[in-house]
Structure formats: C-alpha cells, structure tokens
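Each chain, letter by letter, is given below.
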Amino acid sequence: MDSKLRHRSTPSAAMEASAASPMRRTSPPLSSAKKKRFASALTALLAMCLLATLFASVSLHRYISATAADKYFYSGSISETHENLEAVPNKLLKDLEEFQQRRPSQPAIVPTKENVRGSSASTNKNIPTLLAKSHHLRRSTLQQLLHNDYLQLSPANNDTSNTDHPWSWPIIHTVTTRFMQNQGTLQNLARSRLKLLEAVCLPSLQRQSIFYQDKLLELYENTKWKDEVSLMMKRANESSSVVVDPLFLWIIKVDPDIDKQILKELNSVLEPVQHFTLVVGSNNNFGVGVKNGGWRDGQAGQDILDAFEDNRVFFPRFYGHDESLGSSMHQIIRRAYEARAHRVVLETRLDADDAIHVEFINQLHRVALKSLIDTHDTNFIRKDDDDDDDETAEQEIQKANWMYWCASRHLEWNPSSPFYNPNNDAGLLTLIGTVNVCITPGLTIGYAVGTEEDQVPHYEHTKVMSEIVWKPDHLRKKNGDVGCGLTPASDCLWVVDYPEISAFRSRSMTSAGMFNIEAAGVPSNGKSREKSGYSKKLWEGQIEKWFGITSSKAREAADFMGSNFIDTVRDNMRGQCTHGHSCKISSIEKLQRTIDLSEEGIGGIEVNSK
C-alpha cells in the first residue's frame with residue numbers, strides 16, 4: 001500500500017497534534033463508556049474499508065484479465081463448464097477417414113453446424129477436426145447472442161471495430177456454385193448434373209488442404225496470428241463447445257422452384273459438407289463477373305438473409321428457429337455479412353461440374369495474406385521469385401487494394417458414353433497447357449479492407465488477362481486505370497501456377513455451352529488425344545491426389561449419364577437459351593444431332609423447347 005495511505009491521520013493522531021499546539025483548544029477527557037463505543041465504531045469502519053478495498057481489487061483484476069484475453073479472442077466471459085451443450089459427432093472426419101489414412105496430417109479446423117472439437121496445437125500430432133456450436137441470430141443483436149466460447153483472431157492493424165463485427169478469421173471467403181438456376185423442372189438434366197457435382201465438385205472442396213492443421217499453421221506462419229491459431233486449437237481441445245467460423249463458405253444457388261425430389265437428393269449428397277455449405281433458392285448471382293455487386297457491398301449477403309426470411313434456404317434445413325438445425329448457419333451468414341467491410345473478402349466461382357486442386361484455396365489465402373493484409377500484420381515480402389525475405393523493410397512492401405486469381409493449366413474430362421468409351425474407363429482426360437484467358441473454375445476476386453465494390457473493375461473471364469496483364473501502360477493512363485496499387489500492374493492478376501495443374505473441367509452432354517464436345521458426347525479431336533496414353537495413368541491415382549476425385553465415382557457418374565443419356569440431352573435442349581444460360585446455335589445443333597443419332601432409322605425427333 002502507498003505510504004500516504006498507510007500514514008493517513010486517525011482520531012488519536014489528531015489528539016496528539018492538538019496537545020502539541022498551545023494555540024488549539026483541548027477537548028475534555030472521554031469517559032470509559034464513550035471510549036468503548038468509539039473503539040467499536042472505529043473497528044466497524046475499518047472493517048468496511050477493508051471489504052471495500054478487497055472488492056475493488058477483485059474487480060480491477062477481472063477487468064485487467066478480460067482486457068488481456070481480448071487481445072487473443074473476443075469471447076466474452078469464458079466458462080469452464082458446459083453442461084447444457086451437447087457434442088455433435090464430426091461427420092466430416094468419418095467421411096474422410098479412408099482418405100486421411102493416406103495423408104501425413106489431420107484436419108485442423110472444419111466448422112460444423114453445431115460443435116467444433118479440436119486438440120493440441122503441436123504440429124507433430126494428429127489433430128481432430130474442430131467442431132463449432134453456433135446460436136440463432138434473427139431478432140437479437142450479434143453481441144447479445146454471441147456464444148461465450150466464440151473465438152476470433154485479434155483485430156487487424158487497420159480494423160478498429162473488430163469486436164463490434166465478429167468473424168473468426170482476417171478473411172471472409174465465399175465459393176459460389178450455380179445449380180439448375182431457371183431450369184428447376186428439368187429433372188433428367190438435374191440428376192445428371194447432380195452426379196457430376198457429387199463426383200467432381202464436392203470432393204475437391206471437401207478435401208481442401210487448408211482444413212489440415214499443418215497447412216493452417218504454415219499458412220499463418222508469417223503473420224501476427226501464428227501463436228493465436230495455435231492457441232485456438234488448444235482451446236478447442238480443452239472445450240467441446242468452441243465456436244469458430246468456416247475458413248470458407250460454399251454457397252450453392254438453385255432455382256427457388258426446383259423439383260422437391262431433386263432438392264432432397266441434393267441435400268443428401270451435401271451431408272458430409274454441411275459444416276460450411278448452404279443451398280439457397282435464388283436466381284440472383286453476384287461476385288465474379290461483369291456486373292457490380294457482391295459480398296463487400298452487401299448485395300450477396302443480403303440475398304441470403306432474405307432467403308432465410310422467406311424460407312428459401314434449403315440446406316442445412318431451417319425449420320423455424322430450431323438452433324440444432326439450420327439456424328447456426330444463419331448466424332454464420334449474419335456475422336460474415338456484418339463484418340464484410342472489416343475483413344479481406346474473397347469471392348470464388350466454381351461450376352457444379354468443375355473442380356479445383358486440393359491446394360487451391362490454401363494458395364488463395366496465402367497470396368491474400370501476403371498482398372491484401374496490412375503490412376503491420378504480416379511478415380510476407382512480395383518479390384518476383386515469390387520468396388519471403390524478412391530483411392526487407394516493411395515500408396518497402398507493396399500492398400494491393402484488390403486482386404484477381406485464375407487457373408491456367410488444367411485437365412478436361414470427357415465422360416464415357418454409350419457412343420464413346422475408347423479405354424473402357426470413366427472417360428478421356430486431356431491436359432490443357434497455359435492458355436491466354438482465365439478459365440472459370442476457381443476464378444477469384446479479392447478486396448482489401450477499405451476497398452469498395454465500385455472501385456474494382458469487373459471483367460468477363462475471357463477478358464481478365466487481357467485487361468490486367470497485357471494492357472499497355474499508355475492505354476491505362478488514357479483510360480484513367482489506376483490499377484490495384486501494385487507495380488507492375490500485371491501483378492494485380494495472380495495466375496495460379498502452384499499447384500501446376502490447378503483445375504478440372506467436365507465436358508459432358510449436360511453442358512450448356514458444349515465447348516470441346518461434339519455430337520453424342522465425343523470429344524473434339526478425340527482421336528488424336530487418345531494417342532497420348534496418359535489418360536489411363538491419371539485415373540490410376542493422380543486425379544484423386546490432386547482433386548479428391550476417385551475413378552470409381554467418376555465412372556459411376558459417367559455410367560449414370562450413359563443410362564440417362566437421351567433424356568438428359570432432351571432436357572439440355574429445353575434448357576438452352578433460358579435466362580442466365582448459354583444460347584448458341586452450335587450447341588443446339590450438336591444436341592439435335594445427338595438425338596438424331598439415337599433415333600437412327602427414324603430421322604430424328606422434334607424437341608419442344610418449352
């Protein structure tokens with residue numbers, strides 16, 4: 001205690017001071033009874049002061065502890081017991097059990113719709129998947145209903161409102177897939193496309209390496225959040241009710257009037273990835289494309305929130321306000337929507353019959369942390385050879401206001417059909433080398449904090465490379481193109497060359513554009529492509545390693561489409577030229593020719609396009 005407090009004057013001290021001063025008037029001596037009463041009152045007063053001091057000390061200690069904790073997690077008061085919370089089995093681990101046995105590491109953070117469970121942060125141990133329990137946010141504010149064990153990394157350097165707009169990560173990432181929009185009644189086409197989604201698109205997202213502990217720790221190695229990510233895993237191991245937002249959200253847009261049986265089959269297929277996936281009944285599309293509007297300006301998020309209000313979120317099922325079902329995903333969307341201006345935003349396009357390499361999202365996040373995050377939050381250094389050099393001064397690091405990513409080298413798959421199956425397998429695989437346009441699978445646009453939607457140019461995928469990489473400087477100046485803030489301006493587009501083969505595209509009779517497909521599903525220039533001989537070798541193991549796609553599932557999808565071939569082609573004819581879909585005369589001619597071949601001897605049939 002401070003010396004001034006220890007030597008505070010007391011009644012006895014005052015009496016002694018009075019006696020020492022002849023100028024002061026002395027008080028008459030106190031009687032014995034008065035002395036006892038005075039001593040009792042003094043004792044009570046001292047006891048009250050002691051209690052008040054103790055209470056203030058405890059309160060101050062709690063405040064300081066809470067403030068220190070908030071440097072790592074915005075979690076409110078953290079309880080050690082959670083009797084009322086039920087642990088939910090992690091279905092993703094079961095679904096990936098066979099695949100994980102072949103991998104050196106285990107999943108780190110795969111948010112589920114209810115719980116997240118984890119273990120030690122040691123990179124030398126196998127770490128189970130984190131499970132998340134979220135609560136419904138509809139009428140109350142985010143802060144009122146934020147769970148005590150909700151975890152998020154500390155605020156970025158340029159984010160002063162992190163605790164007001166919670167989101168676990170410095171990046172909000174959405175992957176958007178369109179499925180049967182404006183074609184909801186075409187059942188045969190829908191089932192064939194669903195088989196492709198199940199065999200191709202789903203496993204490539206389900207097995208993204210960013211879900212694995214060693215990859216996640218490596219990703220944040222050169223950021224200020226390195227230790228916090230380890231602590232997050234440790235906390236998850238100690239509590240079965242830790243809440244962590246998804247590393248990315250898979251948003252599947254379907255026709256609001258899609259056939260109910262098709263929707264039921266779709267939901268069944270998506271069960272293994274319900275932790276980060278939702279199916280929204282909406283024909284509105286945002287994000288990558290020529291039109292403005294996306295997650296940053298709120299249009300994409302508001303479209304989903306409106307769908308919740310109108311009961312058009314079909315997966316996870318949203319029965320009223322039952323927290324054990326779809327409501328946790330509603331809370332996740334609310335958090336992502338309200339935090340959109342205070343985090344880096346990534347928007348990725350992925351069609352239902354395409355796939356991205358299992359390292360693809362990890363690479364997107366790595367470049368985003370390096371190029372879009374404030375320099376005070378990372379130690380990454382941008383160099384031509386992409387090496388990280390911690391000796392370079394922070395102020396010399398260039399940071400982008402926005403960026404594009406696209407895949408280049410990729411594989412094309414022509415599924416086997418009743419008319420074409422030269423190798424008696426799932427179909428022909430063809431390696432497509434470096435091309436001079438960005439392909440659609442994995443096409444991504446990223447926004448740094450502080451960059452608005454209308455400050456970023458939007459291009460068709462065929463023009464992204466020519467507008468960003470090849471455009472001469474004198475034309476940029478003439479058009480007032482200030483670029484993304486990087487020099488040279490061509491760095492504003494990151495062509496994903498690691499992994500070297502980064503995307504997988506299906507070329508089947510379900511395609512609206514029918515690119516690289518001839519009548520009856522025969523690949524363009526198929527004879528010359530068959531001679532390479534590497535297609536069979538790729539199916540023997542590389543495709544699963546690179547994209548999570550098994551040859552058995554691909555063959556199953558091809559066989560299903562073969563058994564449903566002509567009905568699928570008829571539906572594809574009917575779906576041509578519907579809103580938002582291709583309308584090419586060449587595609588219609590190929591489809592009609594396929595029907596003619598199937599009706600050989602009859603002369604073909606007329607297909608009603610309505």
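Now for a look at the structure at hand. (Residues numbered from 1 in each chain as written. Predicted model: local features only at pLDDT ≥ 70, side-chain atom pairs only at ≥ 80, totals over all residues. Heavy atoms only, no water.)

### Some thoughts on the state of the cysteines
For the record, the criterion: Here, two cysteine sulfur atoms that lie within 2.5 Å of each other are counted as a disulfide. To sort residues, take the accessible area from a 1.4 Å probe on protein chains only and compare it with the maximum for the residue type: under 20% means buried, over 50% means exposed, and anything in between is partly exposed.
Under the counting rule described, the total for this entry stands at 2 disulfides. Note that Cys484 is cross-linked by a disulfide to Cys492, the S-S spacing being 2.0 Å. Every disulfide takes its handedness from the sign of the S-S torsion; for Cys484 and Cys492 that torsion is -90°, giving left-handed. Accessibility classification places Cys484 together with Cys492 in one group, the buried group.

### A closer look at the sheet that holds strand E7 (residues 402-407)
Strand pairing in a sheet is mediated by backbone hydrogen bonds. Such pairs are either parallel or antiparallel. For the record, the criterion: Pairing between two strands requires that DSSP report at least two bridges joining them. Working definition: helices are DSSP H or I runs of at least four residues, strands are E runs of at least two. Numbering for both runs from the N terminus. Fitting a line to C-alpha atoms yields each axis, with helices limited to the stretch in contact; the angle taken between N-to-C directions then spans 0 to 180 degrees.
As summarised here, the arrangement of the 8 strands in space is E4-E3-E2-E1-E5-E10-E7-E11, forming an open sheet in which the pairing is mixed. Lying at the two open borders of the sheet, with one neighbouring strand each, are strand E4 (313-315) and strand E11 (493-496). Across the sheet, the axes of successive neighbouring strands diverge by a mean angle of 25°, strand direction being ignored. In terms of strand pairing, strand E2 (residues 249-254) meets strand E3 (residues 277-281) through 5 bridges, oriented parallel. The residue of E3 that forms the bridge with Val254 is Gly281.

### Digging into the environment of Val435
Applied cut-off: Between two residues, a contact is recorded if the distance between any of their heavy atoms is within 4.5 Å.
By secondary structure assignment, the location of Val435 is in the loop between strand E9 (427-432) and strand E10 (444-447). On the basis of relative accessible area, Val435 is assigned to the partly exposed category, the value being 23%. For the pair Val435 and Arg409, spaced 26 residues apart in the sequence, the C-alpha separation amounts to 7.2 Å. Aside from chain neighbours lying at most four places away, what touches Val435 is Ser408 and Met465.

### A look at the sheet that holds strand E12 (residues 503-506)
Strands sit in the order E6-E12-E8-E9 across an open sheet of 4 strands; the sheet is mixed. Each of the sheet's edge strands pairs with one partner strand only, and the pair in question is strand E6 (354-356) and E9. Strand after strand, the sheet turns through a mean of 15° between neighbouring axes, direction not considered. When strand E8 (residues 410-415) meets E12, the two strands line up parallel, connected through 4 bridges. Bridge pairing in E12 places Leu411 opposite Phe504.

### Here's the deal with the pattern of salt bridges
To keep it simple, the criterion reads: Any Lys or Arg side-chain nitrogen located within 4 Å of an Asp or Glu carboxyl oxygen qualifies as a salt bridge.
According to the stated counting rule, one finds 16 salt bridges in the structure shown. Two residues, Arg207 and Glu544, come together in a salt bridge whose shortest N-O distance is 3.5 Å. Of the two residues, Arg207 sits in the loop between helix H6 (187-206) and helix H7 (213-219) while Glu544 sits in helix H16 (residues 534-547), which places them 337 residues apart along the sequence. The network of salt bridges with common partners includes Lys195, Glu198, Lys553 and Glu556.

### Let's talk about the packing of H6 against helix H18 (residues 565-575)
Just so we agree on the cut-off: Orientation categories follow fixed angle ranges, with anything under 35 degrees roughly parallel, anything over 145 roughly antiparallel, 65 to 115 roughly perpendicular, and all other angles oblique. Helix crossings fall into two classes, left-handed where the near helix is turned counterclockwise from the far one by less than a right angle and right-handed where it is turned clockwise.
Look at H6 against H18: their axes get within 7 Å of each other, and the N-to-C directions meet at 110°. Taken together, H6 and H18 sit at an angle that is classed as roughly perpendicular. Between H6 and H18 lies a crossing of left-handed hand. Note on element contacts: H18 touches H6 through Asp567, Thr568, Asp571 and Asn572, opposite Gln187, Asn188, Leu189, Ser192 and Arg193.

### Comments concerning helix H8 (residues 226-238)
As a reminder of what qualifies: Helix span, expected: 1.5 Å multiplied by one less than the number of residues in the helix. Working note: the arc is built from the helix axis to C-beta atom directions.
Taking 1.5 Å of rise per residue, 13 residues should cover 18 Å, and H8 covers 19 Å from first to last C-alpha, within 8% of that figure. Burial in H8 covers these residues: Glu228, Val229, Met232, Met233, Arg235 and Ala236. In a view along the axis of H8, the buried residues occupy a sector of 160°, so they form one face of it. Opposite the buried face of H8, at more than 90 degrees from it, the exposed residues are Asp227 and Glu238.

### Remarks on the packing of aromatic side chains
Any pair of aromatic rings gets described here by the distance separating the centres and the angle formed by the planes. The following threshold applies: Pairing of aromatic rings covers Phe, Tyr and Trp, the last through its six-membered ring, and needs centres within 6.5 Å; plane angles under 30 degrees mean stacked, over 60 mean edge-to-face, and all others mean tilted. Whether a charge sits over a ring comes down to the Lys NZ or Arg CZ being within 6 Å of the ring centre and within 35 degrees of the ring normal.
Per the stated rule, a full pass over the model turns up 11 aromatic pairs. With centroids separated by 6.0 Å and ring planes inclined at 75°, the aromatic side chains of Trp413 and Trp539 adopt a geometry described as edge-to-face. Taken together, the residues Trp413 in strand E8 and Trp539 in helix H16 connect sequence positions 126 residues apart. Here Trp413 and Trp539 have matching classes, each one buried. These aromatic residues form a ring-pair network of at least three members: Trp413, Phe504, Trp539, Trp546 and Phe547. If you follow Lys195 out to its NZ or CZ, it ends over the ring of Phe560, 5.6 Å from the centre.

### Looking at the side chain of Asp303
Mapped onto the elements of the fold, Asp303 is located in helix H10 (residues 299-309). Apart from the residues within four sequence positions on either side, Asp303 is in contact with Lys253, Ser282, Asn284 and Phe286.

### Details of the nonpolar core
Applicable threshold: As used in this record, nonpolar core signifies buried Ala, Val, Leu, Ile, Met, Phe, Trp, Tyr and Cys residues forming a set joined through side-chain atoms within 4.5 Å.
Core analysis: the biggest nonpolar cluster contains 107 residues, and Trp169, Phe179, Leu197, Trp250, Leu270 and Trp405 have the highest contact counts within it. Broken down by element, the residue count for this core peaks at 7 residues, all from H6. Core analysis: the next-biggest nonpolar cluster, separate from the first, contains 20 residues, Leu429, Trp539, Ile549 and Ala554 among them.

### Things to note about the environment of Arg570
One can find Arg570 in helix H18. Sequence-wise, Arg570 and Met509 are 61 residues apart; in three dimensions their C-alpha atoms are separated by 10.0 Å.

### Regarding H18
The element H18 is largely enclosed, with a buried count of 9 among its 11 residues. Taken as a whole, H18 has its buried residues at Phe565, Ile566, Thr568, Val569, Arg570, Asp571, Asn572, Met573 and Gly575.

### Focus: the packing of H6 against helix H9 (residues 260-269)
For the pair H6 and H9, interaxial distance at closest approach is 11 Å and the crossing angle is 5°. When the axis of H6 is compared with that of H9, the two are roughly parallel. Within the contact between the two elements, H6 uses Gln187, Ala190, Arg191, Leu194, Leu197, Glu198 and Leu202 and H9 uses Gln261, Ile262, Glu265, Leu266 and Val269.

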